[in-house]
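So the chains spell out like this:
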2 protein chains.
Amino acid sequence: MYELFFQKFNEKVPLTKEDEVLFKTYLTPKKIRKKQYLLQEGDPCNFTAFVEKGALRSYTIDEKGVERIFQFALEGWTISDLYSFLTGEPATYQIDALEDSELVLISKQAHEELLKKAPKYETYMRLQLSGAYIAMQRRLTSSISLSLEERYVAFSSLYPEMIQRIPQHMIASYLGLTPETLSRMRSKMTRK
Amino acid sequence: MYELFFQKFNEKVPLTKEDEVLFKTYLTPKKIRKKQYLLQEGDPCNFTAFVEKGALRSYTIDEKGVERIFQFALEGWTISDLYSFLTGEPATYQIDALEDSELVLISKQAHEELLKKAPKYETYMRLQLSGAYIAMQRRLTSSISLSLEERYVAFSSLYPEMIQRIPQHMIASYLGLTPETLSRMRSKMTRK
DNA sequence: CGGGCCTTTGACTGGTTTCAACTTCTGTGG
DNA sequence: CCACAGAAGTTGAAACCAGTCAAAGGCCCG
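Let me sum up the structure you'll find in this document. (Residues numbered from 1 in each chain as written. Chains lettered and ligands numbered in written order. Predicted model: local features only at pLDDT ≥ 70, side-chain atom pairs only at ≥ 80, totals over all residues.)

1. Some details on the protein's contact with DNA strand D
Condition: Each residue gets a C-beta atom placed from its backbone. Should that atom fall within 6 Å of a molecule or strand, the residue is termed near it. Only DSSP runs of H or I with at least four residues qualify as helices, and only runs of E with at least two residues qualify as strands; both kinds are numbered from the N terminus onward.
Taken together, 15 residues lie near DNA strand D, and T181 of chain A together with P167, Q168, H169 and S183 of chain B sit nearest. The set of elements that each furnish at least two residues to the surface near DNA strand D consists of α9 (179-191) of chain A together with α8 (168-175) and α9 (179-191) of chain B. For the surface near DNA strand D, the element with the highest residue contribution is α9 of chain B, accounting for six residues.

The following block contains the structure:
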């Protein structure tokens, strides 16, 4: 159940077998089905969710009812409303499953106890945050400085499996354009 | 020289006087004049810079010679090419001073030693990263989901002093629009 | 098999960029 | 301290790109 989680953890911070046994007592496995909510807007987000298997997304819905996808998470990624998780404020994002998924949750309470008791966890968190920061920086840079077409190309080459698994209109939402525009762009690109 | 730095540090993680004395041995003060580079594209970024006084920006220049401003930093903020700093890769941003400034630098070497020796520093770094992550998340959200005008309004109310101190064409670059469009927007808004 | 969602395509609209000219501000050297 | 050059900001007109609205076809799921 926790294979991938500990594999990724060990890549960042090596753990002994005893560490793993201890850590497991703080982790909560969870299965979730396609279309099911993991987090609804307004609830405080009291977990981070590591994806062992499946696919999820976080997103907002604006006044006009338009979905704005903030993040996708496939196997090996972590998804959460980090702002809400860290501050305790109500979540600004919703999270739901795009496929039947298996998750490893770390509750806010577990998070705080681990920070106190396990220096390796703090190091892990710091590295997690670094990675999340760098990924978002890359995304922000491309959303500001690239044309729509360049953005799509960059996305496809960075995350080829997402192109396979995720519906096109959601990728459009993630990239910040309309499904129609994305469709037109794709047909223009294949014509070349 | 380090007043503001330790004030901000203490807000995140309380330090004893002895801590402060120890930490000071790892810090490097630096004065930099308006228009001077702190970091040039391609060099590895081996520092984070805390702004005691003044104003800086980080930015890229694309193939067409257009500047894309990624971040401004006024007093109390930290600026760096975090990607380059954390990974050791060459910097993708340039950093220069918009005003004569006084900085507190933490070199990469000092950073690594502090991580080993001072748990309070690791906690501080984690909180720094959280803050930077949350700020960038807010920015990404607004750059994807708000209209240009809404973006400008949000920026002005979030950072009113930047409107005062930073040239308009740089704010345009930060917001991802042309100086002409920003100028037109402003005159339209005051007419109301 | 049917209904609804997803994708594609078309025509139209509108906001932003681009290019260019002009004005205002700033800083630097004589 | 003034003059001038270059940068910054403003304004106008034209071109363009993406969004919107609408309709049709395809596909998946119940």
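2. Looking at the relation of the copies chain A and chain B
To be explicit about the condition: The copies were overlaid with a least-squares fit restricted to C-alpha atoms from residues scoring a pLDDT of at least 70 in each copy. In this description, any two residues whose backbone-derived C-beta atoms lie within 7 Å of each other are considered to be in contact.
Note on the identical chains: chain A maps onto chain B by a rotation of 179° and an axial translation of 0.1 Å, with an RMSD of 0.1 Å. Here the copies are linked by what is in effect a two-fold axis. Mapped onto chain B, 96% of the interface residues of chain A are again interface residues, and the two copies thus contact each other with one and the same surface.

3. Remarks on the pairing of strand β4 (residues 56-61) of chain B
Residue and element names in this part refer to chain B. Filter applied, for reference: Note on pairing: DSSP must find at least two bridges between two strands before they are called paired.
Bridge count for β4 against strand β5 (residues 67-73) is six bridges, and the pairing is antiparallel. Bridge assignment links T60 to a residue of β5, and that residue is R68. Between β4 and β5, which follow one another and run antiparallel, lie five residues, and G65 among them has a positive phi close to 85°.

4. Digging into the protein's contact with DNA strand C
This is how it is decided: Each residue gets one label: Ala, Val, Leu, Ile, Met, Phe, Trp, Tyr, Cys and Pro are nonpolar, Asp, Glu, Lys and Arg are charged, and the others, such as Gly, are polar.
The local shell around DNA strand C holds 15 residues, among which Q168, H169, S183 and S187 of chain A together with T181 of chain B are the closest. Elements with a contribution of two residues or more to the surface near DNA strand C: α8 (168-175) and α9 of chain A together with α9 of chain B. Here the element with the most residues in the surface near DNA strand C is α9 of chain A; it accounts for six residues. Of the residues contributing to the surface near DNA strand C, the split by class is four nonpolar, seven polar and four charged.

5. Brief notes about the interface of chain A and chain B
The figure often quoted for interface size is the accessible area lost as the parts come together. Taken together, the contacts link 24 residues of chain A with 25 residues of chain B. Looking at the side of chain A that touches chain B, the elements with two or more residues in it are α3 (82-87) and α5 (119-145) of chain A. For the side of chain A that touches chain B, the element with the most residues is α5 of chain A, which contributes 18 residues. In the side of chain A that touches chain B, the residues fall into twelve nonpolar, seven polar and five charged.

6. Details of the sheet that holds strand β6 (residues 78-79) of chain B
Two orientations exist for strands paired in a sheet by backbone hydrogen bonds: parallel and antiparallel. All names here are of chain B. Ordered by their spatial adjacency, four strands build an open sheet running β1-β8-β3-β6, and the pairing between neighbours is antiparallel. Strands at the two margins of the open sheet, each flanked by one partner only, are β1 (27-32) and β6. Where strand β3 (residues 47-53) and β6 come together, two bridges link them in antiparallel fashion. What sits directly across from A49, in β6, is I79.

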